[in-house]
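Below, each chain spelled out in residue letters.
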Amino acid sequence: NESPLLLLVNCEPPPGTRDLPAYIYETVLQIQSDVPVLSFARMAYRIESEESERICVDHVTHLKSDAAGDSSSLLKQAASVKDAVTMLQNRVKLIVTYLENVQNGNHPRNHELLRLILSLTHKLPAMDSEKFNTAFQNEYHDTLLISYLGTLTKGCNVMNELLEKFNLSTDRSRRRHF
């Protein structure tokens, strides 16, 4: 695109603003009085992010626990997901144990229950496809990259604070010598 873009960011948005205080403009050629005039027209935009990006941003912004000792919402969400996966794993083990007992003749066949189990297994997607593996690997690599980006951002922030403290201390020592 040969049209220049202009990005304006309001560094002091009004209190209570929920939208990102950024505005994007593109050049538009308009004819006014038979004379072509270039002007900027405001463009609509939408910021899209994946869940892995939102989780990393949430984790980076809530890395330090507050004074009450509460952990970040990411840790709470991870704990609830872990509990849900554990519960699902226990239920799957129960179904597998039932099927093994029926197959070995240790438990009588309940055809209604077996039909429910068959119906449940047919609802599960086939996870051995190349398309799934590619999508899974892409999502996994994106998550790793975002995690690394968060770590780099945190490291840059720490380095910036260190440099500010160093500059402040060296500035004070120079003033004492003069």
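Conventions and cut-offs
Throughout this description, residue numbers start from 1 for each chain and increase along the sequence as written. Two thresholds apply to this predicted model, a pLDDT of at least 70 for residue-level local features and 80 or more for giving and counting side-chain atom pairs, whereas whole-chain, interface and lining totals are computed over all residues. Side-chain figures throughout are based on the complete set of non-hydrogen atoms in the structure, without hydrogens or water. Put simply, DSSP marks the helices as runs of H or I at least four residues long and the strands as runs of E at least two long, and each gets a number from the N terminus on. The method behind every accessible area is Shrake-Rupley, applied with a 1.4 Å probe, and residues are considered shielded solely by the protein chains displayed. Every residue carries a pLDDT, the predictor's confidence in it, which falls somewhere between 0 and 100. For cavity detection a 1 Å grid was placed over the protein atoms alone, and a set of points counts as a cavity when a 1.4 Å probe fits there but cannot get out; an open set counts as a pocket when protein lies on both sides within 12 Å along at least five of seven lines, with lining residues being those that have an atom within 4 Å of a point. Grid points are joined across faces, edges and corners, and a volume is the space filled by probe spheres set on the points. Strand pairing is assigned whenever DSSP identifies at least 2 bridges connecting the two strands. Structural elements are reduced to axes, namely lines fitted to C-alpha atoms, with helices fitted over the stretch in contact, and the angle between N-to-C directions of any two is expressed from 0 to 180 degrees. Buried residues are those whose accessible area, probed at 1.4 Å on protein chains only, stays under 20% of the maximum for their type, while exposed residues exceed 50% and partly exposed ones sit between those limits. A helix is expected to reach a length of 1.5 Å times the quantity of its residues less one. Side-chain atoms alone can form a polar contact between residues adjacent in sequence; in general such a contact is a pair of N or O atoms within 3.5 Å, and within protein one must be able to donate a hydrogen while the other accepts it. To count toward a patch, a residue needs a relative accessible area over 30% and no salt bridge; like charges are then connected within 9 Å, while nonpolar side chains (Val, Leu, Ile, Met, Phe, Trp, Tyr) are connected within 5 Å. For this document, the term salt bridge refers to a Lys or Arg side-chain nitrogen within 4 Å of an Asp or Glu carboxyl oxygen.

J.: Pulling in residues and values, what's your account of the overall build of the protein?
T.: Scanning the protein from N- to C-terminus turns up four helices and three strands. The order of α-helices and β-strands along the protein, N terminus first, is β-β-β-α-α-α-α. By element, 59% of the accessible surface of the protein is carried by carbon and sulfur atoms, the whole surface being about 15,800 Å².

J.: Give a detailed account of the confidence of the model for the protein, specifying residues and quantitative values.
T.: Confidence in the prediction for the protein averages 81 pLDDT; 83% of positions are at 70 or higher. Model confidence for the protein, summarised as mean pLDDT per element, is weakest for helix 1 (residues 51-61) at 72 and strongest for helix 3 (residues 111-123) at 88.

J.: Could you give an account of the layout of surface pockets, with specific residues and numbers?
T.: Volume-wise, the largest pocket comes out at about 290 Å³. The wall of the largest pocket is formed by Val-85, Leu-88, Gln-89, Arg-91, Val-92, Ile-95, Val-96, Ile-117, Leu-120, Thr-121 and Leu-124. Elements with a contribution of two residues or more to the lining of the largest pocket: helix 2 (73-104) and helix 3.

J.: A description of the sheet that holds strand 3 (residues 35-43) should follow, citing residues and the corresponding values.
T.: Strands sit in the order 1-2-3 across an open sheet of three strands; the sheet is antiparallel. Unpaired on one side and paired on the other, strand 1 (5-9) and strand 3 mark the two borders of the sheet. Here the strands of the sheet are splayed against their neighbours by 30 degrees on average, with no regard to which way each runs. Here strand 2 (residues 22-32) pairs with strand 3 via nine bridges, running antiparallel. Residue Gln-32 lies in a different strand from strand 3, and its bridge partner there is Val-35.

J.: So, unusual backbone geometry: which residues are in play, and what are the values?
T.: The phi angle of most residues is negative, glycine excepted, and most peptide bonds adopt the trans form. One non-glycine residue, Ser-33, adopts positive backbone phi at about 55 degrees. Relative to the assigned elements, Ser-33 resides in the loop between strand 2 and strand 3. Even without being glycine, Asp-34 reaches a positive phi, approximately 60 degrees. For Asp-34, the position within the fold is in the loop between strand 2 and strand 3.

J.: Any details on the pairing of strand 1? Residues and values, ideally.
T.: With zero of its five residues buried, strand 1 lies for the most part at the surface. With five bridges connecting them, strand 1 and strand 2 associate as antiparallel partners. Bridge pairing in strand 2 links Leu-8 to Tyr-23.

J.: Mind laying out helix 3, listing which residues take part and the relevant values?
T.: With 13 residues, helix 3 ought to run about 18 Å at 1.5 Å a step, and its terminal C-alpha atoms sit 18 Å apart, in line with that. Capping of helix 3 at its N-terminal end is provided by Asn-110; its side-chain oxygen lies 3.2 Å from the backbone amide nitrogen of Glu-112.

J.: Outline a nonpolar patch on the surface, listing residues and values.
T.: Residues Leu-6, Leu-8 and Phe-40 make up a contiguous nonpolar surface patch of about 260 Å² in total accessible area. Along the chain, Phe-40 falls in strand 3. Of the residues examined, Phe-40 reaches a relative accessible area of 47% and is grouped as partly exposed.

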